[in-house]
Amino acid sequence: RVGASAGDVASLASVNTVVAALLGFLFLGEPLHVLHWIALSLCMGGAVCIAQPDFLFRSSSSDNSGGQWKGYLLAVLGGTAQAGIAIASRKSGEVSLEAMNVITL
């Protein structure tokens, strides 16, 4: 089997909120307070705990052929792309998020 399970992909793709907060901090100057940093860390930790990637948890499941990391990587990249669209839409001002989604297809 190559790839990650649907639940793992969903949990890792949900990092888009965390990435959007970090990109907003970096590019839009939005403030992140201590409580925000704690919440972002807990979100990332929760996504990793749900996915339980083999390279961190050293599981010995027999249905894994070593290709799960590709699914994990694509899930995180997909979440990052979603966050990038949201930040680009905010930065662009009058262009709606829907228009940005259509443009990026």
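Calculation criteria
- Residues numbered from 1 in each chain as written.
- Predicted model: local features only at pLDDT ≥ 70, side-chain atom pairs only at ≥ 80, totals over all residues.
- Heavy atoms only, no water.
- Axes fitted to C-alpha atoms, helices over the stretch in contact; angles between N-to-C directions.
- Helix = DSSP H or I, 4+ residues; strand = E, 2+ residues; numbered from the N terminus.
- Left-handed = near helix turned anticlockwise from the far one by under 90°.
- Contact = heavy atoms within 4.5 Å.
- Nonpolar A, V, L, I, M, F, W, Y, C, P; charged D, E, K, R; others polar.
- Core = buried A, V, L, I, M, F, W, Y, C linked by side-chain atoms within 4.5 Å.
- Buried < 20%, exposed > 50% of the residue type's maximum accessible area, 1.4 Å probe, protein only.
- Expected span 1.5 Å × (residues − 1).
- Patch = residues over 30% accessible without salt bridge, like charges linked within 9 Å, V, L, I, M, F, W, Y side chains within 5 Å.
- Areas by Shrake-Rupley, 256 points an atom, 1.4 Å probe, with all protein chains shown as cover.
- Salt bridge = Lys/Arg side-chain N within 4 Å of Asp/Glu carboxyl O.

Caption draft 1: Focus on the packing of helix α2 (residues 16–27) against helix α3 (residues 34–51). For the pair α2 and α3, interaxial distance at closest approach is 10 Å and the crossing angle is 145°. As for how α2 packs across α3, the hand of that crossing is left-handed. On α3, the residues that touch Val18, Ala21, Leu22 and Phe25 of α2 are Trp37, Leu40, Cys43 and Met44. Of the residues assigned to the contact of α2 with α3, the class counts are eight nonpolar, no polar and no charged.

Caption draft 2: A look at the nonpolar core. Core analysis: the biggest nonpolar cluster contains eleven residues, these being Leu12, Val15, Val19, Ala20, Leu23, Ala47, Ala51, Tyr72, Ala75, Ala83 and Ile87. Put simply, the parts of the chain that give this core at least two residues each are α2, α3 and α5 (68–92). Sort the elements by how many residues they give to this core and α5 lands first, with four residues.

Caption draft 3: Here's a closer look at the side chain of serine 11. By secondary structure assignment, the location of serine 11 is in helix α1 (residues 6–13). Apart from residues no more than four positions distant in its own chain, serine 11 is found in contact with Ala47, Ile50 and Ala51.

Caption draft 4: How the structure looks around α2. The first and last C-alpha atoms of α2 sit 16 Å apart over twelve residues, in line with the 16 Å expected at 1.5 Å per residue. Along α2, the positions that sit buried rather than exposed are Val18, Val19, Ala20, Leu23 and Gly24. At its buried positions, α2 is contacted by α3 and α5. Positioned one or two residues after α2, glycine 29 has a phi angle of 70°, which is positive.

Caption draft 5: Highlighting a nonpolar patch on the surface. A contiguous nonpolar patch, built from Leu22, Phe25, Leu26, Phe27 and Trp37 and spanning about 500 Å² of accessible area, is present on the exposed surface. Considering every element that reaches the nonpolar patch, the biggest residue donor is α2, with four residues. One can find leucine 22 in helix α2. Relative accessible area serves as the criterion here: at 31%, leucine 22 is assigned to the partly exposed category.

Caption draft 6: The arrangement of the environment of alanine 51 in detail. Relative to the helices and strands, alanine 51 resides in helix α3. Residues in contact with alanine 51, not counting those within four places in the same chain, are Asp8, Ser11, Leu12 and Tyr72.

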